[in-house]
Amino acid sequence: MSLAQVSDVIFLFLLPIMLKNLGYKKTILIGILAWCVRYYMLAASVNAVALQTLLIYGAILLHGVCYDFLFIAGQLYVDSQANERIRGASQGFIAFILWGIGSFVGTMLAGKVLGMYAVTSVTGVVTHHWQSIWMTPALGASAVLVIFLIFFREPPNEAKVVMAEPRGGFEVVGAESQKTPVV
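Residues numbered from 1 in each chain as written. Predicted model: local features only at pLDDT ≥ 70, side-chain atom pairs only at ≥ 80, totals over all residues. Heavy atoms only, no water.

## Digging into the overall build of the protein chain
Scanning the protein chain from terminus to terminus reveals 5 helices and 4 strands. When the elements of the protein chain are put in sequence order from the N terminus, they spell out α-α-α-α-β-β-α-β-β. The burial tally for the protein chain puts 27% of its 183 residues in the buried class. Long-range pairs, those at least 24 residues apart, make up 62% of the contacts in the protein chain with a sequence separation of at least 6. Summed over all atoms, the accessible surface of the protein chain reaches about 11800 Å², with 70% contributed by carbon and sulfur. (Helix = DSSP H or I, 4+ residues; strand = E, 2+ residues; numbered from the N terminus. Buried < 20%, exposed > 50% of the residue type's maximum accessible area, 1.4 Å probe, protein only. Contact = heavy atoms within 4.5 Å. Areas by Shrake-Rupley, 256 points an atom, 1.4 Å probe, with all protein chains shown as cover.)

This is how it looks when you write it as C-alpha cells:
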C-alpha cells in the first residue's frame, strides 16, 4: 500500500504538467488505460508464477496514474467547465457519484463477481478463480475506455481577455492554448 501512496504523490505532481501539455482528454485517457493495464496485469499474475510478484507490484505502482489521471483530472475538468454558480454543486455531485453511489455499486458488483467465480471442492473448501475475477474489471475498464473515446470532447480553447484597452473595456485578442488548473 505504501508503494501505491508514493506513486499517487509522484503522479499528483505530474498531473498539472500532463494537463498543460496533453489536455484533459489525453490525460484522462492515460488514466483509463492505466486502469485497464492494471487489471490485466493482475489477471495475468495468477498463472505467471515466475512473473507474479513483478506483475502485482507493477499493478500497485500504477495506482497513482490510475487515480490522479482519471479521478483528479476528471474533477478538475468538471471544475473548469462549471460556472461559479454551479461549481460547488457540480463538485458535490461528482463526489456523490464517485464515492457515494460508485462505491456502493462497486462493492455490490465486486461481491457478485467474487461469488460467480467461487469454486467449492469436494471437501467443501471454497476457492476462487482469480484470473476470471480480475478479467471482469479489466473488460469493464476497456468498455469505459471505448465509451470515453467515442463521447468525450476536449473543451474548446478559451478566448484570452485583455484588460488594457484604451477605452476601459475588454477586448478578445486570441485563443489561449489550454486553461490549466493549479493543483
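What follows picks up the thread again.
## A look at a nonpolar patch on the surface
Together, Phe93, Phe96, Ile97, Ile101, Phe104, Val105, Met108 and Leu109 give the surface a local cluster of nonpolar side chains, amounting to about 790 Å² of exposed area. Looking at the element boundaries, Leu109 is found in helix α4 (residues 87–116). A residue is classified by how much of its surface remains accessible, and Leu109, at 51% relative accessible area, is exposed. (Patch = residues over 30% accessible without salt bridge, like charges linked within 9 Å, V, L, I, M, F, W, Y side chains within 5 Å. Salt bridge = Lys/Arg side-chain N within 4 Å of Asp/Glu carboxyl O.)

## Regarding the confidence of the model for the protein chain
Reading fine detail from the predicted coordinates is not recommended where pLDDT is low. With 85% of its residues at a pLDDT of at least 70, the protein chain reaches an overall mean of 86. Confidence, read as mean pLDDT per element, is least for strand β3 (residues 159–162) in the protein chain (36) and greatest for helix α5 (residues 130–151) (96). Throughout residues 158–180 the model reports pLDDT below 50, and contacts reaching past four residues in sequence, or to other chains, amount to 34 contacts. (pLDDT = per-residue confidence, 0-100.)

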